[in-house]
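Given next are the chains, with one letter for each unit.
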Amino acid sequence: MSLRQEISTLATKIIKGLFCIPLFLLLCLTGLSQKAQPDDSSLPKYDLHTEMKTKGVVDEVNLLPLGTRKDFTELIIKSGDDKVHIYVCPKPFQEEMGISFSKGEEIAVTGSKVKQETLDVILARELVKGTDTLLFRDDKGKPVWDSRTGK
């Protein structure tokens with residue numbers, strides 16, 4: 001192999017190496033800058049085996065922090081002498097769908113009764129308010145909103 005060919009081959013390897021290093025660094029930085037999906041293991045999980053129906057009158061409408069969300073809508077309804085906590089959906093989804101809740105409204109809820117710390121709550125799958133039927137989860141209990149945006 002001639003000296004000219006060796007220099008040409010060496011120059012090609014150097015150029016490839018110089019191209020690969022920035023590309024490698026870019027890929028590394030891109031991977032590091034992407035946020036890891038937050039661990040929402042603290043969120044209650046919908047359980048089809050505990051699905052139930054209840055109805056009552058809205059006593060309170062609250063926004064509470066739940067998992068990574070800081071804006072989850074909770075309804076507390078009076079059902080007879082009992083107060084029932086209903087976790088509905090993230091506020092952005094509620095706003096996007098044009099849904100509002102007011103104290104004194106009569107509602108019927110289908111959802112999964114689960115424990116959230118020491119409290120029994122119902123994760124709403126379907127809610128009937130007046131003549132409107134609102135769906136918040138599919139038939140398997142998976143939320144219909146985007147978990148990242150809340151919409």
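Parameters at a glance
Residues numbered from 1 in each chain as written. Predicted model: local features only at pLDDT ≥ 70, side-chain atom pairs only at ≥ 80, totals over all residues. Heavy atoms only, no water. Phe/Tyr/Trp six-rings, centres within 6.5 Å; stacked < 30°, edge-to-face > 60°. Helix = DSSP H or I, 4+ residues; strand = E, 2+ residues; numbered from the N terminus. Buried < 20%, exposed > 50% of the residue type's maximum accessible area, 1.4 Å probe, protein only. Core = buried A, V, L, I, M, F, W, Y, C linked by side-chain atoms within 4.5 Å. Contact = heavy atoms within 4.5 Å.

Asker: Before we go on, may I ask you to explain the packing of aromatic side chains in this structure?
Answerer: Geometry of an aromatic ring pair is reported as the spacing of the ring centres plus the angle between the planes. Counted by the stated rule, this structure contains four aromatic pairs. Note on F72 and Y87: the rings are 6.3 Å apart at their centroids and 65 degrees apart in plane angle, and the pair reads as edge-to-face. Placement of the pair is F72 in strand 2 (residues 69–79) and Y87 in strand 3 (residues 82–90), with a sequence separation of 15 residues. What makes F72 buried here is its relative accessible area of 6%. By relative accessible area, which is 5% here, Y87 ends up buried. Ring geometry for F93 against F136: centres 6.4 Å apart, planes inclined by 65 degrees, an arrangement best described as edge-to-face.

Asker: I keep staring at the nonpolar core and nothing clicks. Help me out?
Answerer: In summary, soluble globular proteins display a tendency toward joint burial of nonpolar side chains. With 26 residues, the main nonpolar core has L75, I86, F101, L127 and F136 as its most contacted residues. Of all the secondary-structure elements, those providing two or more residues to this core are strand 1 (51–66), strand 2, strand 3, strand 4 (106–116) and strand 5 (119–129). Setting aside residues up to four positions removed in sequence, I86 forms contacts with T54, T73, E74, L75, I77, V109, I122 and A124.

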